[in-house]
Amino acid sequence: MGALSRMDGMALPRLGAVALVLVLMSGCSGRNQKDTPKKDSEAQRQALVQCRRYRESLPPLVERYRETESRLKAIEAESFTQAMAPLPLDPEEQRLLTIYDQQTEQEQYEQAVAEWQRSETKRRLVWQDAQQQRQEAAVTERDQLADQLRTIHPALLTQAKPPSLDSAELERFLACSPERLR
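Okay, so let's go over this structure. As the structure is a computational prediction, the values presented were derived from the model and not from experiment.

### Some words on the overall build of the protein chain
Next, step 1: Along the backbone of the protein chain there are five helices and zero strands.
Next, step 2: Reading the helices (α) and strands (β) of the protein chain from amino to carboxyl end gives α-α-α-α-α.
Next, step 3: Within the protein chain, residue pairs in contact and separated by at least 24 positions form 68% of the contacts whose partners lie at least 6 positions apart.
Next, step 4: Of the roughly 13,700 Å² that the protein chain leaves accessible, carbon and sulfur atoms contribute 57%.

Spelled out as structure tokens, the structure:
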């Protein structure tokens, strides 16, 4: 009997501790369930406030982003256009000339072609530098606008590189209705 009562004496505190833990766990999960709707409604309220705050300023920002993307695509699609090369000598006219005049005209033509090639090489390098600067400026502007859009609402842009606008998310955000901001 003595051993049994000692065992019962030890079992009761353990049983009590287990019961206390179970009660606390169920109480915590109950609070979490009660807090979740509050957190959801608070997040929804904040999203609604933010949406209303940016309803006026977001469309022009989005338009600038789209214009910058279009400009960047146009810059990337551009190609260098060479100036007209010197016209080749006309064989019929060359036959009518003396050999000395033919040689002279041939030398002049070759010099004109060499000068044209040098000039076109310089023009191409200048064009490429300008092209690269315009492209870098457009990329920088696009990235800055993307950062501003992400600050307003991160889901407005895709995670792709380069990012693109998520039109459905933009429409949903600009609707500013509690049902759409869930």
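### Some thoughts on the pattern of salt bridges
A side chain of one charge can pair with a side chain of the opposite charge if their charged atoms are brought near each other.
Next, step 1: Here the structure, examined in full by the defined rule, presents seven salt bridges.
Next, step 2: As a salt-bridge pair, glutamate 141 and arginine 71 come within 2.9 Å of each other at their nearest N and O atoms. One end of the pair, glutamate 141, is in helix 4 (residues 99–152); the other, arginine 71, is in helix 2 (residues 58–77), and 70 residues separate them in sequence.
Next, step 3: Given the relative accessible area of 25%, glutamate 141 is considered partly exposed.
Next, step 4: Residue arginine 71 is classed as partly exposed on the basis of its relative accessible area of 36%.
Next, step 5: Its salt-bridge partner being aspartate 143, residue arginine 142 comes within 3.3 Å of it at the nearest N-O pair.
Next, step 6: Taking the relative accessible area as the measure of exposure, arginine 142 reaches 11% and is therefore buried.

### Concerning the nonpolar core
Next, step 1: Leu58, Tyr65 and Leu149 are the most contacted members of the largest nonpolar core, which totals 16 residues.
Next, step 2: Within the residue set of this core, elements represented by two or more residues are helix 1 (2–54), helix 2, helix 4 and helix 5 (167–175).
Next, step 3: When residues no more than four places from it in sequence are discounted, the contact partners of tyrosine 65 are Arg142, Leu145, Ala146, Leu149, Leu157, Pro163, Ser164 and Leu165.

### Details of the side chain of glutamine 94
Next, step 1: Inspection of the secondary structure assignment puts glutamine 94 in helix 3 (residues 91–96).
Next, step 2: Excluding residues that lie within four positions of it along the chain, glutamine 94 makes contacts with Leu89, Gln102 and Glu105.

### Quick notes on the packing of helix 2 against helix 4
Next, step 1: Close contact between helix 2 and helix 4 brings their axes to 9 Å; oriented N to C, the two are set at 155 degrees. Here helix 2 lies roughly antiparallel to helix 4, going by the angle between them. For the element pair helix 2 and helix 4, the recorded crossing hand is left-handed. On helix 4, the residues touching Leu58, Leu61, Val62, Arg64, Tyr65, Thr68, Glu69, Arg71, Leu72, Ile75 and Glu76 of helix 2 are Gln131, Arg134, Gln135, Ala138, Val139, Glu141, Arg142, Leu145, Ala146, Gln148, Leu149 and Ile152.
Next, step 2: Its residues assigned to classes, the contact of helix 2 with helix 4 shows twelve nonpolar, four polar and seven charged.

What counts as what
- Residues numbered from 1 in each chain as written.
- Predicted model: local features only at pLDDT ≥ 70, side-chain atom pairs only at ≥ 80, totals over all residues.
- Heavy atoms only, no water.
- Helix = DSSP H or I, 4+ residues; strand = E, 2+ residues; numbered from the N terminus.
- Contact = heavy atoms within 4.5 Å.
- Areas by Shrake-Rupley, 256 points an atom, 1.4 Å probe, with all protein chains shown as cover.
- Salt bridge = Lys/Arg side-chain N within 4 Å of Asp/Glu carboxyl O.
- Buried < 20%, exposed > 50% of the residue type's maximum accessible area, 1.4 Å probe, protein only.
- Core = buried A, V, L, I, M, F, W, Y, C linked by side-chain atoms within 4.5 Å.
- Axes fitted to C-alpha atoms, helices over the stretch in contact; angles between N-to-C directions.
- Parallel < 35°, antiparallel > 145°, perpendicular 65-115°, else oblique.
- Left-handed = near helix turned anticlockwise from the far one by under 90°.
- Nonpolar A, V, L, I, M, F, W, Y, C, P; charged D, E, K, R; others polar.

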